[in-house]
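# Structural overview
Each chain, written out:
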Amino acid sequence: MSSVQRILGFESSCDETGVALVEIEGGQPPRLVAQALHSQIAMHQAYGGVVPELASRDHVRRVLPLTREVLAQSGLALSDVDLIAYTQGPGLAGALLVGAGVAVSLAAALDVPALPV
């Protein structure tokens, strides 16, 4: 078994969709391997604040392309991931459900743990 642990993380609590891959080796501090972020600020400006339903729908559109981007940046595959983390709260309920749904589904498909943060 490898001493390197790779964690794929999802953040979708409000108006940004974030995906990151972190490696932990031995007693060393975690190392950010790759990350991708999409901000929804421009989309919500017309409304004077975050519209929860629009935020959730945009997370649905962005999370998998951002995941592919992170994996491409890292040169790794989903099969190299040892754990999947996701934001469990606080945040917008619908937005949190998108990140949690993707994270738990991927974890189940890969047979790795899912960690709510």
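Up top is the structure.
Let us look at the structure shown here.

Reading the values: rules and limits
- Residues numbered from 1 in each chain as written.
- Predicted model: local features only at pLDDT ≥ 70, side-chain atom pairs only at ≥ 80, totals over all residues.
- Heavy atoms only, no water.
- Salt bridge = Lys/Arg side-chain N within 4 Å of Asp/Glu carboxyl O.
- Core = buried A, V, L, I, M, F, W, Y, C linked by side-chain atoms within 4.5 Å.
- Buried < 20%, exposed > 50% of the residue type's maximum accessible area, 1.4 Å probe, protein only.
- Helix = DSSP H or I, 4+ residues; strand = E, 2+ residues; numbered from the N terminus.
- Contact = heavy atoms within 4.5 Å.
- Polar contact = N/O pair within 3.5 Å; in protein donor to acceptor, adjacent residues only side chain to side chain.
- Expected span 1.5 Å × (residues − 1).
- Bend = angle between axes of the 7 residues up to and from the residue.
- Pairing = 2+ DSSP bridges.
- Axes fitted to C-alpha atoms, helices over the stretch in contact; angles between N-to-C directions.

## Digging into the pattern of salt bridges
Enumeration over the complete set of coordinates arrives at 5 salt bridges. Linked by salt bridges that have partners in common, R6, E23 and R31 make up one network.

## Overview of the nonpolar core
Counting residues in hydrophobic clusters, the biggest one holds 19 residues, and the most contacted among them are L8, F10, V19, L21, V70, I84 and L106. For this core, the elements supplying multiple residues, two or more each, are strand 1 (4-11), strand 2 (16-25), strand 3 (31-39), helix 2 (52-74), strand 4 (83-86) and helix 3 (93-110). In terms of residues, this core owes the most to one element, helix 3, which gives 5 residues. If we skip the residues at most four places from it in the chain, I84 touches L8, F10, A103, L106, A107, L110, V112, P113, A114 and L115.

## Quick word on the environment of H38
You can see H38 is positioned in strand 3. Note: C-alpha distance between H38 and Q28 (10 residues apart in sequence) is 29 Å. The contact partners of H38, leaving out residues within four places of it in the chain, are D15, E16, T17, D58, R62 and L66. A polar contact of 3.3 Å, which involves the side chain of H38, links it to the side chain of D58. One polar contact links H38 to R62, side chain to side chain, over a distance of 3.4 Å.

## Observations regarding helix 2
Under the 1.5 Å per step criterion, the end-to-end length of helix 2 is 31 Å for 23 residues, consistent within 8% with the ideal 33 Å. The sharpest bend along helix 2 reaches about 35° and sits at R62, with the proline P65 one to four residues further on. What helix 2 keeps buried is the set A55, S56, D58, H59, V63, L66, T67, V70, L71 and S74. Taken from the residues just after helix 2, G75 is the one with a positive phi, measuring 75°.

## A word on the sheet that holds strand 2
The strand order across the open sheet formed by 5 strands is 3-2-1-4-5, and the pairing between neighbours is mixed. Edge positions in the open sheet fall to strand 3 and strand 5 (114-116), since each of these has one partner strand only. When the angles between neighbouring strand axes are averaged without regard to direction, this sheet yields 15°. Sheet analysis places strand 1 next to strand 2, joined by 8 bridges and oriented antiparallel. Directly across from V4, in strand 2, lies its bridge partner E25. Taken strand by strand, helix 2 contacts strand 1, strand 2 and strand 3, and its axis lies near 150° from that of strand 3. Packed onto the sheet, helix 3 meets strand 1, strand 4 and strand 5 and runs at close to 170° relative to strand 4.

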